[in-house]
Amino acid sequence: MDLDRMLAQCRRDQWNVSDLDWSGKPRPMSREEEEQVVQLFTDMAGIERLASALFREQERRVEEPRLKEIFRTFIRDEIRHAQAAQMLADYYDVHHYRHYQESKSLREFAPVFVAAIHHLSDDVANAYVVTGELLLDIALLRSIDDHVGDAMSGAAMRLINRDESRHIAIDYHMCAYYASDEYEEKLQKQTAPSLSERAQAARTFSQMLYYAQPFIRDVFLKPMEKLDPRGRRLREAFKRSQLLGMKERSSRRPFTRFTRALQVGFEHPVLKPVLGNVFVRLSGVGPDFLARLYSEEELARARRMSYEALADEALGAKTEN
Ligand SMILES: [Fe+2]
Ligand SMILES: [Fe+2]
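Residues numbered from 1 in each chain as written. Chains lettered and ligands numbered in written order. Predicted model: local features only at pLDDT ≥ 70, side-chain atom pairs only at ≥ 80, totals over all residues. Heavy atoms only, no water.

*Asks:* What exactly am I supposed to notice about the coordination of the iron ion (ligand 1) here?
*Replies:* Octahedral metals with six donors have ideal donor angles of 90 or 180 degrees. Tetrahedral metals with four donors have an ideal donor angle of 109.5 degrees. Protein ligation of the iron ion (ligand 1) involves Glu48 (OE), Glu78 (OE), His81 (ND1) and Glu164 (OE), the donor distances falling in the range 1.9 to 2.3 Å. Note that the iron ion (ligand 1) binds 4 donor atoms; their angles at the metal cover 81 to 149°, and the shape is irregular. Each donor residue of the iron ion (ligand 1) belongs to the same chain, with the gaps between them written as E-x29-E-x2-H-x82-E. (Donors = N, O, S within 2.8 Å, 3.2 Å for Na, K, Ca; no water. Tetrahedral: all angles 85-135°; square planar, octahedral: opposite > 155°, others 65-115°.)

This is how it looks when you write it as structure tokens:
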């Protein structure tokens, strides 16, 4: 990837929420619909703020000065998305039917997630960030916009999506880097974390898993039941994340080992009924999305493709069907 070009693009494509024209009127909605839309945008604001915290973490981990600078622009992007989402919530809150606040499960999950990510190894942290962006970017955001079906939301989402395209491109670029020999060599030179560091990492991680399930259920799966009744987009996003985890033939990196072990365990005919719930809990997602979602052909194809081409394809999924 040409990092100079990417950085120039990051700087050039900055925008402000005030660039949007907020003077229009929302389309008429029933009470139920208005409440749902305002709640969706209220939660979206929280998710975008969480995304900014994750990019702060990514920025801390990289040494390459241009990458550092790129991640700094991503932090700004996500804060702007949070502002835009909050303004969309207020825009659609025409009747003030009730007081809206972020879902409890999101409020509880966000700080423990950030803490857990802080203690994870670089590649595992990156895998969580990529998966989060695929879910938010491809599945949730698009479905919210389709569901709202209104010009104001459409205009804001277009600008947000332009930023998200850069995020996905860099997320995949980081996946490639963490799978590289260069990174492997760097790891060899690092000192292993101390026992107390590892204990803290394990503690924050198990805390995160505890709060992940209600969060994923309330903020992703439940709204998506209405927005994407057959779960096609969610499945698509999870599939892309799984393919990324399986892309390298060798599973030397911990995240790849972790996701592979989970999937194998889940598909095992005897282990599945016994350990099914444990696996669901460990991975933080529902059983439908843990099963293997890709075919052998799709895996072979993904392995032949470059990370860049995979990122392009993930982005393409935003505009097709
Ligand atoms: Fe965002
Ligand atoms: Fe993003």
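*Asks:* Would you mind showing me how to read the packing of helix 9 (residues 232-246) against helix 13 (residues 296-304) here?
*Replies:* The relative placement of two packed helices is expressed as an angle between their axes plus a distance between the axes. Where helix 9 meets helix 13, the axes come as close as 10 Å, and the angle between the chain directions of the two elements is 60°. Taken together, the axis directions place helix 9 and helix 13 in an arrangement best described as oblique. Crossing hand, helix 9 versus helix 13: right-handed. Of the residues in helix 13, those in contact with Lys239, Leu243 and Met246 of helix 9 are Glu298, Leu299, Ala302 and Arg303. Looking at the contact of helix 9 with helix 13, its residues break down into 4 nonpolar, no polar and 3 charged. (Axes fitted to C-alpha atoms, helices over the stretch in contact; angles between N-to-C directions. Helix = DSSP H or I, 4+ residues; strand = E, 2+ residues; numbered from the N terminus. Parallel < 35°, antiparallel > 145°, perpendicular 65-115°, else oblique. Left-handed = near helix turned anticlockwise from the far one by under 90°. Contact = heavy atoms within 4.5 Å. Nonpolar A, V, L, I, M, F, W, Y, C, P; charged D, E, K, R; others polar.)

*Asks:* Quick question: what am I supposed to make of the environment of glutamine 9 here?
*Replies:* Checked against the element boundaries, glutamine 9 lands in helix 1 (residues 3-12). Considered as a pair, glutamine 9 and isoleucine 70 are 61 residues apart in the sequence and their alpha carbons are 9.5 Å apart.

*Asks:* Hey, could you run me through helix 9 in this one?
*Replies:* Residues spaced three or four apart along an α-helix point in a common direction, a consequence of the helix completing one turn every 3.6 residues. Between its first and last C-alpha, helix 9 extends 21 Å over 15 residues, near the 21 Å set by a 1.5 Å rise per residue. The buried fraction of helix 9 is high, at 12 of 15 residues. Buried residues of helix 9: Arg233, Leu234, Ala237, Phe238, Lys239, Arg240, Ser241, Gln242, Leu243, Leu244, Gly245 and Met246, and no others. (Expected span 1.5 Å × (residues − 1). Buried < 20%, exposed > 50% of the residue type's maximum accessible area, 1.4 Å probe, protein only.)

*Asks:* It is not clear to me how the side chain of lysine 239 should be interpreted in this structure. Could you clarify?
*Replies:* Residue position: lysine 239 is located in helix 9. Polar contacts involving the side chain of lysine 239 include one to the side chain of glutamate 298, which spans 2.6 Å. For lysine 239, the contacting residues outside a window of four places in its chain are Leu293, Tyr294 and Glu298. (Polar contact = N/O pair within 3.5 Å; in protein donor to acceptor, adjacent residues only side chain to side chain.)

*Asks:* Would you explain the pattern of salt bridges in this entry?
*Replies:* Pairs may arise between side chains of opposite charge once their charged atoms sit close together. Considering all chains together, one arrives at 23 salt bridges under this definition. Among the salt bridges present, the one from aspartate 13 reaches arginine 166, with a minimum N-O distance of 3.7 Å. With aspartate 13 in the loop between helix 1 and helix 2 (31-61) and arginine 166 in helix 6 (residues 151-178), the pair connects residues that are 153 residues apart, well separated along the chain. Across the pair aspartate 163 and arginine 166 runs a salt bridge whose closest N-O atoms are separated by 2.9 Å. Of the two residues, aspartate 163 and arginine 166 are both situated in helix 6; the distance of 3 residues between them amounts to about one turn of the helix. The network of salt bridges with common partners includes Arg12, Asp13, Asp77, Arg80, Asp163 and Arg166. (Salt bridge = Lys/Arg side-chain N within 4 Å of Asp/Glu carboxyl O.)

*Asks:* I would appreciate a short explanation of the coordination of the iron ion (ligand 2) in the present structure.
*Replies:* Coordination sphere of the iron ion (ligand 2), protein contribution only: Glu78 (OE), Glu133 (OE), Glu164 (OE) and His167 (ND1), at 2.0 to 2.2 Å. Geometry at the iron ion (ligand 2) is irregular, judged from the 4 donor atoms that bind it and their angles of 87 to 148° at the metal. One chain supplies every donor for the iron ion (ligand 2), spaced along it as E-x54-E-x30-E-x2-H. In this structure, the iron ion (ligand 2) is positioned 3.5 Å from the iron ion (ligand 1), and both are ligated by glutamate 78. Of this pair, glutamate 78 sits in helix 3 (residues 65-92) while histidine 167 sits in helix 6, placing them 89 residues apart in sequence. The pair formed by glutamate 78 and histidine 167 is uniform in burial state, with each residue classed as buried.

*Asks:* Where do I start with the side chain of serine 52 in this structure?
*Replies:* Position of serine 52 relative to the elements: it lies in helix 2. Every residue in contact with serine 52, bar those within four places of it in the chain, is listed here: Ile75, Glu78 and Ile79.

*Asks:* Looking at this structure, how should I read the environment of valine 17?
*Replies:* You can see valine 17 is positioned in the loop between helix 1 and helix 2. Taking the relative accessible area as the measure of exposure, valine 17 reaches 15% and is therefore buried. Through-space distance from the C-alpha of valine 17 to that of glutamine 83 is 7.2 Å; in sequence the pair is 66 residues apart. Apart from residues lying up to four places away in sequence, valine 17 is in contact with Trp22, Arg80, Gln83, Ala84 and Met87.

Remember, this is a structural readout, not a statement about activity or role.
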